[in-house]
Structures are given as structure tokens and as C-alpha cells.
Amino acid sequence: MAGREVLERSVAAFVAHPQVRQVVVALPAELAAAPPHYLESGVKPIVVVAGGARRQDSVANAFAAVDPAAEVVLVHDAARPFVTPAIIDRTIEAARDAGAALAAVRARDTVKQANAQGDVDRTIARESIYLAQTPQGFRRAVLEEALAIAARDSVEATDEAALVERAGHAVRLVAGEASNMKITTPEDLAIAETIALRSANASAERRGSAKASAERAGTGYDLHRLVAGRRLVLGGISIPSDRGALGHSDADVVCHAITDALLGAVSLGDIGRHFPDSDRRWKGASSLDLLARAAAIVAEHGFEAANIDVTVVLEAPKIRDYVDAMRAAVANAVGITADLVSIKGKTNEGVDAIGRGEAIAAHAVALLRRK
Ligand code: MG
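Scope of this entry: the structure provided in the associated data block. Everything numeric here is computed off the predicted structure, so don't read it as measured data.

Description of the overall build of the protein
- Scanning the protein from terminus to terminus reveals twelve helices and 15 strands.
- Taking 371 residues into account, the globule formula puts the C-alpha radius of gyration at 21 Å, and the protein, at 33 Å, lies well above it.
- For the C-alpha atoms alone, the extent of the protein along its principal axes is close to 105 × 40 × 35 Å.
- Counting across all 371 residues of the protein, residues that qualify as buried make up 41%.

What to know about the layout of surface pockets
- Approximately 1,000 Å³ is the volume found for the largest pocket.
- Those elements that provide at least two residues to the lining of the largest pocket are α1 (6-15), β1 (23-27), α3 (55-64), β3 (72-75) and α4 (85-98).
- Along the lines of polarity and charge, the residues of the lining of the largest pocket split into 20 nonpolar, six polar and eight charged.

Remarks on the coordination of the magnesium ion
- At the metal site, the magnesium ion is ligated by D222 (OD), D222 (OD), H224 (NE2) and H256 (ND1), and these contacts range over 2.2 to 2.7 Å.
- In terms of primary sequence, the donors binding the magnesium ion are separated according to D-x1-H-x31-H. Separated by 32 residues along the polypeptide, H224 in strand β9 (residues 216-228) and H256 in helix α8 (residues 253-265) bring together distant segments of the chain. One exposure class covers both H224 and H256, and it is buried.

Some details on the sheet that holds strand β8 (residues 172-175)
- Taking strand neighbours across the sheet as the criterion, the four strands line up as β3-β7-β4-β8 in an open arrangement whose pairing is mixed. Strands at the two margins of the open sheet, each flanked by one partner only, are β3 and β8. Averaged over all pairs of adjacent strands, the angle between strand axes in this sheet comes to 35°, irrespective of strand direction.
- Pairing analysis gives four bridges linking β3 to strand β7 (residues 130-139), with the strands arranged antiparallel. What sits directly across from L74, in β7, is G137.
- Packing against the sheet, helix α5 (residues 140-153) makes contact with β3, β4 (100-106) and β7, and its axis sits at approximately 110° to β7.

Thoughts on the pattern of salt bridges
- Enumeration over the complete set of coordinates arrives at 17 salt bridges.
- Between D57 and R54 there is a salt bridge; the shortest N-O distance is 2.9 Å.
- For R54, the salt bridge is made with E156, and the minimal N-O distance between the two is 3.9 Å. Of this pair, R54 sits in the loop between β2 (46-50) and α3 while E156 sits in the loop between α5 and α6 (160-166); the two residues are 102 residues apart in sequence, bridging distant segments of the chain.
- We classify R54 as partly exposed; its relative accessible area is 28%.
- Salt bridges sharing common partners tie together R55, D77, R80, E160 and K182.

Remarks on the sheet that holds strand β13 (residues 303-313)
- Taken in spatial order, the five strands line up as β12-β9-β15-β13-β14 in an open sheet, and their pairing is mixed. For this open sheet the edge positions go to β12 (243-245) and β14 (341-346), each flanked by a neighbour on one side alone. When the angles between neighbouring strand axes are averaged without regard to direction, this sheet yields 25°.
- Two strands pair when backbone bridges link them, and β9 and β12 are joined in this way by three bridges, in the antiparallel orientation. Each residue of the ladder has a partner; that of V227, found in β12, is G244.
- In the packing of α8 onto the sheet, the strands contacted are β9, β13, β14 and β15 (359-370), and the crossing angle to β9 comes to about 155°.

A closer look at the pairing of β9
- Two strands pair when backbone bridges link them, and β9 and β15 are joined in this way by ten bridges, in the antiparallel orientation. Within the sheet, the bridge partner assigned to H224 lies in β15 and is I360.

The rules behind each value
- Numbering of residues starts from 1 in every chain and runs along the sequence as written.
- Per-residue local features are limited, in this predicted model, to residues with pLDDT of at least 70; the limit for side-chain atom pairs, both in listing and counting, is 80 or more; totals at the level of whole chains, interfaces and linings are taken over all residues.
- The side-chain values count all of the structure's non-hydrogen atoms but skip hydrogen atoms and water molecules.
- To qualify as a helix, a DSSP run of H or I must reach at least 4 residues; to qualify as a strand, a run of E must reach at least 2; elements of each kind are numbered from the N terminus.
- The reference for a compact globule is 2.2 Å times residues^0.38; the radius of gyration itself is calculated from the C-alpha atoms.
- Burial here depends on accessible area, computed with a 1.4 Å probe over protein chains only, as a share of the maximum for the residue type. Under 20% is buried, over 50% is exposed, and the range in between is partly exposed.
- Only protein atoms enter the 1 Å grid used here, on which a cavity is any set of points holding a 1.4 Å probe that cannot leave and a pocket is any open set flanked by protein within 12 Å on both sides along at least five of seven lines; residues with an atom within 4 Å of a point are listed as lining.
- Grid points are joined across faces, edges and corners, and a volume is the space filled by probe spheres set on the points.
- Here the nonpolar group is Ala, Val, Leu, Ile, Met, Phe, Trp, Tyr, Cys and Pro; Asp, Glu, Lys and Arg are the charged ones; every other residue, Gly included, is treated as polar.
- Each metal's donors are the N, O and S atoms found within 2.8 Å of it, except that Na, K and Ca use a 3.2 Å limit; water is left out, so coordination can look incomplete.
- DSSP bridges decide pairing: two strands pair if at least two such bridges lie between them.
- In this description, a line fitted to the C-alpha atoms serves as the axis of each element, helices being fitted only across the stretch in contact, and the angle between N-to-C directions of two axes falls anywhere from 0 to 180 degrees.
- Between two residues, a contact is recorded if the distance between any of their heavy atoms is within 4.5 Å.
- Should a side-chain nitrogen of Lys or Arg be within 4 Å of a carboxyl oxygen of Asp or Glu, the pair is scored as a salt bridge.

What follows is the structure in C-alpha cells.
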């Protein structure tokens, strides 16, 4: 059924539910001896037991394997693969509150009671008729008592709620759903295929729209030579230093790396493509200004920065005292708050040109999200 077995879907619905701690599956003995791979315990324990001759025997065998610490026990037909998290929620809550609960749907067709000849004996008021589904939920002690009484008195029932009713407990109805159908006939299976396909399409669509609105990450890297007689500008802040970065404009490696990260996240090339050295417009422009323009370009494409993280690699001077001013300047240029901008300094331990103080580099990562 849309590539997944009915039982697999039913088990997955419970394994995925945040309030479910353990799943016990009763299977025909020969299947229980060699259960399918999807019944191996994963994120939650799955216990496989052999079922019995009657439904209630299977439930009793499964109940014996339930964690003694369980507060509420749900019983579900494996043949209802379309149970939703909301139905499970409602059943757990009502069972916890009332002791016993079951998912049910109101009868939509008019209900007739027939006599022995097969003629209508009477019409039953539809408003009071509910069709029982599963899950059915019980406080542990309530189900234990009902199963014990059923075993003692040799009572048979088509659902556990009937045993609980017989034991004198109230059973609360919670809203089921028409799609929470039980697959018992080939006709049911055909309807189920349609539901499975529809839900597969819906989740593919959700994935598609998630893709369209997804966050995007970009990285940037920049390196400039360090020479005497130049200012050292990092993140738009002038830092006292005996050398500065060589290059056009202010050669601010922090702003250049972040600019590339922003543009890269939306696959728009790099700083050189948008602000070429050869273009007079950018002659003398501050790198902080170019960064603000890059943020504006990204915004035109529907994105804003979620956070930015930068590592500056240089041997000297220490940038620690200037980091907060740099973060504030960058945040202001990008249009976010300073807590979303991280800037860290690192030396190269004397290794290579950066380690010898001949160059400075910066690495940046930016996460963008759709506005
Ligand atoms: Mg550069």
C-alpha cells in the first residue's frame, strides 16, 4: 500500500507519537517467530508476542508484555493504518481522565434494525449511534480487571471497550476520523490505497514547500596581505596595528567573507561579481557599505540573515577588545541584532604566511531564512 505494509504504517504511527513509550505487537505465532525487520526496536522498544485464538486472547498476551510502569494502555487494530496523532492524543487524554475511552465516528447513514425475516423492525435515531474504532485506551488497572473478568467468565467481545463496559466502567467516546478505517476487504484495500497515495502526495507537497522556504547556508573566505602603513579595518572597525591589509578600499576581510557568505547562500556569486574593483561606483566604498548592499540583494531574493559566524585568522594584534564593536557594526549593516553575529579571533601558531604575520584571513558562515 503506497510502498508500505498496513502493519508497518500502524506501528509507525504509534512509534512516532511523543506520548507512546513502548509498542507491543501481537502476531500470528508463525509470524511472531520471525517478525518483519520493521518490528525491530529502534527509537522506542517494540515487543512482538504471539497472538491467541480470539482477539481478546491476543490482547491479553500483548498486555502481559506491557511495561508495568505504563499509566495508560492503548489497544489498536493493526488494520487501521491511518490513525492520526490527534486521535491518539484524544484517546490518551480521555483514558487518563475517565479510565477508559475509545475513538468513534457518528453514524452517517440512517440505521435500521431488522427483524428475523429481514424486514425493518424499527429505525434507530442516528444521533445516538457511534461506530467504534481504535485506538481504545485504558488506565492500566481498568484493562487488567476487564481482561481478568472476561477470562474468568469466558466472555467474548469484538472490542476491549465492551469488556470494560461489562466490568462496570464508564467508557468515554472521543472523535475518530472517517479515514481511520479498518481494512478488512479487497474493497477497503482499494480505498486505503487511495488514502495512502493522497497522504504521500500531501507530504511530498509539504516537503516541496519546505524546500522553497528552506533556510540556506553560505560560506565565505577572504585573505589579504598585511603591510606596513595601512589601516587595519575589520568588521568596519579600525584596529590599532603596525600593519594593515593591502587591497582596494579598506580590505576588510571580515566584511568581505560575510558578503560572500550571504551571496553564496542564495547562489548569487561573490563580492567581485556584484562590486567589481573596476567599477568606479565602488571605488573607495567601505566594505561595511558593500556588506549592507549584499544584505539588500539577498533581501530582494526573499531572504534575511538568521545568524552569522566568523573566524578571523591573524597573528597580531589581538582583536578581542574590538569584537563587540565589530559585531554591532556588522549587525547594523546586515539589519539584524548583534547577538546573531559571532566573531572570533584565532592565530595560526606561527605557521605559514598568516603565522608569520604576512597576511590576514577570515572565514564566515551565514544562515539565511526566507522572509
Ligand atoms: Mg577581500
